[in-house]
Amino acid sequence: MNDAPGWTTDAPAATATPKVPSPAIPGTPSPARILVVDDEAIARDNLALALGRQGHETLTAASGTEALELLAGADFDLVLTDLMMQGMDGLDLLRAVRLRHPDTEVVVVTGYPTVKTAVEAMHAGAYHYLAKPYDLDEARALVQKALEKRRLKQEVARLREQLRERSLPVPLLGAAPCMQALKRTIAQVAPSDVTVLILGETGTGKELAARMVHLFSRRSEARFLAINCGAFNEELLESELFGHEQGAFSGAVRQRKGLFEAAEGGTLFLDEVGEMSLPMQVKLLRAVQERTIRRVGGTADIPVDVRLVAATNKDLAAEAAAGRFRQDLYYRLNVVVLRMPPLAERMEDLPLLAQYFAEKAARDTGRPAPHIAPETLDVLARYPFPGNVRELQNIVERAAVLRAGDVITPADLPPDLRALAGIAGAAGANGDSGDSGDRGGTAGPALVLRADESARLPGGAGEGMTSDGRPMTLDENERAHIEWVLELSGGNRTQAARALDIDRASLWRKLKRYGL
């Protein structure tokens, strides 16, 4: 070896075997696992012995090749390597450690400290360098600083993971094979920038999957913004997505950035993209293809850097074939597809999901976490859950709030589920009126008409006719039919939606449209 000798001591040289850590000296940092690499036995073993006396677990290697073998079999917090060694030198070892073990800190020990050497080592990823002959206190201080940097990196990673978990409204729970496959696909897709299309029924967790794609991507530090494309008319949706210039329309008193600009560097989630009008699809297609947008009322093309994730409960391929969705946009969105399984296809996950929602409701209300009785799970397992996981969440959270004790029993379930369980007086228990409310689906007993009710027709004077004898318009006919079904259901919107074969959200929009 050509390097100058390192720090020496009168104590016997340590052997090149794993050292048993000594009791930590009060005031010293917490023990760490350190690898000392040097082809000079005395310098190598003396440094390992000195660090071992601080309470660290030290292992030694006589070459870079031996060091890599040790690193392959165990995790190390810090590597101290001599620079000038036969075979693989310290810089080559440093580069290999940074490539294969990026979380391990490296300090280079050199007998020829020059600016060039220091710069080269730092550029290769070394934490710092230690010049021979070194003082023991100097070596200890440098080791402590390197270990502190590693601990800080670990703490940042831990806190970042906690933030990721807390950012998810509901974890993507499930051990069913379809859920395991979904999670694997998300893990594969997330690091890339490809566009993702999420397909699934209402309430299956499409936005949750989109958030997971974002949170485990390289864009996770930037914003995740979501918009329901079915909640806006064409003009408002264009302004929401692309922004507008001052004076672009009545009420546009100032310039406003749209979601494409606001999500710069992050992810934009387009929920219910199948509800977008054809003219709006043309504008979205241009933004996807050119990666530029133009504000409403503006003339400048603005470059944007966002990852798009879209979702729909429609069959977009069928919509495109029918001309209701642009095929070119469909192909742009349909790069990687995630299919969210309905709850009915993963009923083995129901106990896990139900317990999670029950504990979450308990935390939110400050009450002890309840236990779900086996007979309650049996009742839930017989229910079809048209509203999927969202409906299960609403049912369980309701039961967790209304429960009398520490156990959720079938009596705590909504009236229609209690009826399914055969509980007497189901419609009046727990103060319910019989309307199960909006649980995210169109659940509830089917609406059964008596003979005299089925003979009654909407429209007064006759089917499809107004009271003054003229034919009803389509809107008038639909309004009258909805009124009739609501009357027959006693005002129960859940039952009415089921009888009309639409979901509650669609029924609510129609009621609002017709002023009912």
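Residues numbered from 1 in each chain as written. Predicted model: local features only at pLDDT ≥ 70, side-chain atom pairs only at ≥ 80, totals over all residues. Heavy atoms only, no water.

**Details of the packing of aromatic side chains**
Right, so step 1: According to the stated counting rule, one finds 5 aromatic pairs in the structure shown.
Right, so step 2: An angle of 25 degrees between the planes, with centres 6.2 Å apart, marks the rings of Phe 224 and Phe 269 as stacked. Of the two residues, Phe 224 is situated in strand E7 (residues 224-228) and Phe 269 in strand E10 (residues 267-271); the sequence distance between them amounts to 45 residues. Neither Phe 224 nor Phe 269 differs from the other in exposure class; each is buried.
Right, so step 3: Here the aromatic rings of Tyr 383 and Phe 385 are separated by 4.8 Å at their centres, their planes lie at 85 degrees, and the arrangement is edge-to-face. Each member of the pair, Tyr 383 together with Phe 385, is buried.
Right, so step 4: Across the ring face of Phe 76, the terminal group of Arg 33 is positioned such that the distance to the ring centre comes to 5.8 Å. (Phe/Tyr/Trp six-rings, centres within 6.5 Å; stacked < 30°, edge-to-face > 60°. Helix = DSSP H or I, 4+ residues; strand = E, 2+ residues; numbered from the N terminus. Buried < 20%, exposed > 50% of the residue type's maximum accessible area, 1.4 Å probe, protein only. Lys NZ or Arg CZ within 6 Å of the ring centre and 35° of its normal.)

**Some points on the pattern of salt bridges**
Right, so step 1: Scanning the entire structure with this criterion turns up 28 salt bridges.
Right, so step 2: A salt bridge links Arg 218 to Asp 193, with the shortest nitrogen-to-oxygen separation between them at 2.3 Å. Highlighted residues: Arg 218 in the loop between helix H7 (206-215) and E7 and Asp 193 in the loop between helix H6 (177-189) and strand E6 (196-199), separated in sequence by 25 residues.
Right, so step 3: The exposure class of Asp 193 is partly exposed, given its relative accessible area of 32%.
Right, so step 4: Taking the shortest distance from any N to any O, the salt bridge between Lys 360 and Asp 364 comes out at 3.3 Å. Here Asp 364 and Lys 360 lie together in helix H13 (residues 350-365), a separation of 4 residues that amounts to about one turn.
Right, so step 5: Looking at Lys 360, the relative accessible area reads 19%, which means it is buried.
Right, so step 6: In this structure Asp 364 comes out as exposed when scored by relative accessible area, which is 58%. (Salt bridge = Lys/Arg side-chain N within 4 Å of Asp/Glu carboxyl O.)

**Points about the sheet that holds strand E4 (residues 105-110)**
Right, so step 1: The 5 strands are arranged E2-E1-E3-E4-E5 in an open sheet whose pairing can be described as parallel. Edge positions in the sheet fall to strand E2 (57-61) and strand E5 (128-131), since each has one partner strand and no second. Taken pair by pair, the neighbouring strands of this sheet meet at an average axis angle of 20 degrees, ignoring direction.
Right, so step 2: As paired strands, strand E1 (residues 33-37) and strand E3 (residues 78-82) are joined by 4 bridges and run parallel to one another. Looking across to E3, one finds that Ile 34 is bridged to Leu 78. (Pairing = 2+ DSSP bridges. Axes fitted to C-alpha atoms, helices over the stretch in contact; angles between N-to-C directions.)

**Some words on the nonpolar core**
Right, so step 1: Counting 32 residues, the largest nonpolar core has Leu 241, Phe 260, Leu 268, Leu 270, Val 273, Met 276 and Leu 284 as the members making the most contacts within it.
Right, so step 2: With 5 residues, helix H10 (residues 278-290) is the single largest residue contributor to this core.
Right, so step 3: Aside from chain neighbours lying at most four places away, what touches Leu 241 is Ile 227, Gly 258, Leu 259, Phe 260, Leu 268, Leu 270, Met 276 and Met 280.
Right, so step 4: By size, the runner-up hydrophobic cluster in this structure holds 22 residues, among which are Tyr 383, Phe 385, Ala 399 and Ile 408. (Core = buried A, V, L, I, M, F, W, Y, C linked by side-chain atoms within 4.5 Å. Contact = heavy atoms within 4.5 Å.)

**A closer look at the pairing of strand E13 (residues 307-312)**
Right, so step 1: With respect to burial, E13 is a largely interior element, 6 of its 6 residues being buried.
Right, so step 2: Of the pairings in the sheet, the one linking E6 to E13 comprises 4 bridges and is parallel in character. Among the inter-strand pairings, Leu 199 is bridged to a residue of E13, identified as Thr 312.
Right, so step 3: Across 4 bridges, E10 lies against E13 in parallel orientation. Counted as the bridge partner of Leu 268 is Leu 308 from E13.

**Section: the confidence of the model for the chain**
Right, so step 1: Across the chain, pLDDT averages 81, with 81% of residues at or above 70.
Right, so step 2: For the stretch residues 425-431, pLDDT sits under 50, and the model shows 13 contacts to residues farther than four places along the chain or on other chains. (pLDDT = per-residue confidence, 0-100.)

**Side note on the packing of helix H19 (residues 493-500) against helix H20 (residues 504-514)**
Right, so step 1: At a minimum axis separation of 9 Å, H19 and H20 run at an interaxial angle of 100 degrees. As far as their axial angle goes, H20 and H19 are roughly perpendicular. Within the contact between the two elements, H19 uses Arg 493, Thr 494, Ala 496, Ala 497 and Leu 500 and H20 uses Arg 504, Leu 507, Trp 508 and Leu 511. (Parallel < 35°, antiparallel > 145°, perpendicular 65-115°, else oblique.)

**Some words on the side chain of Asp 77**
Right, so step 1: Relative to the elements of secondary structure, Asp 77 occurs in the loop between helix H2 (64-73) and E3.
Right, so step 2: Within polar-contact distance, the side chain of Asp 77 engages the backbone nitrogen of Arg 33 at 2.8 Å.
Right, so step 3: Engagement of the side chain of Asp 77 in a polar contact is seen with the side chain of Arg 150, the distance being 2.6 Å.
Right, so step 4: Apart from residues lying up to four places away in sequence, Asp 77 is in contact with Ala 32, Arg 33, Thr 104, Glu 105, Leu 147 and Arg 150. (Polar contact = N/O pair within 3.5 Å; in protein donor to acceptor, adjacent residues only side chain to side chain.)

**Some remarks on the pairing of E6**
Right, so step 1: Of the two faces of E6, the one holding Val 196 and Ile 198 and the one holding Leu 197 and Leu 199 are both buried throughout.
Right, so step 2: As paired strands, E6 and strand E14 (residues 336-339) are joined by 4 bridges and run parallel to one another. Note that in E14 the partner of Ile 198 across the bridge is Leu 338.

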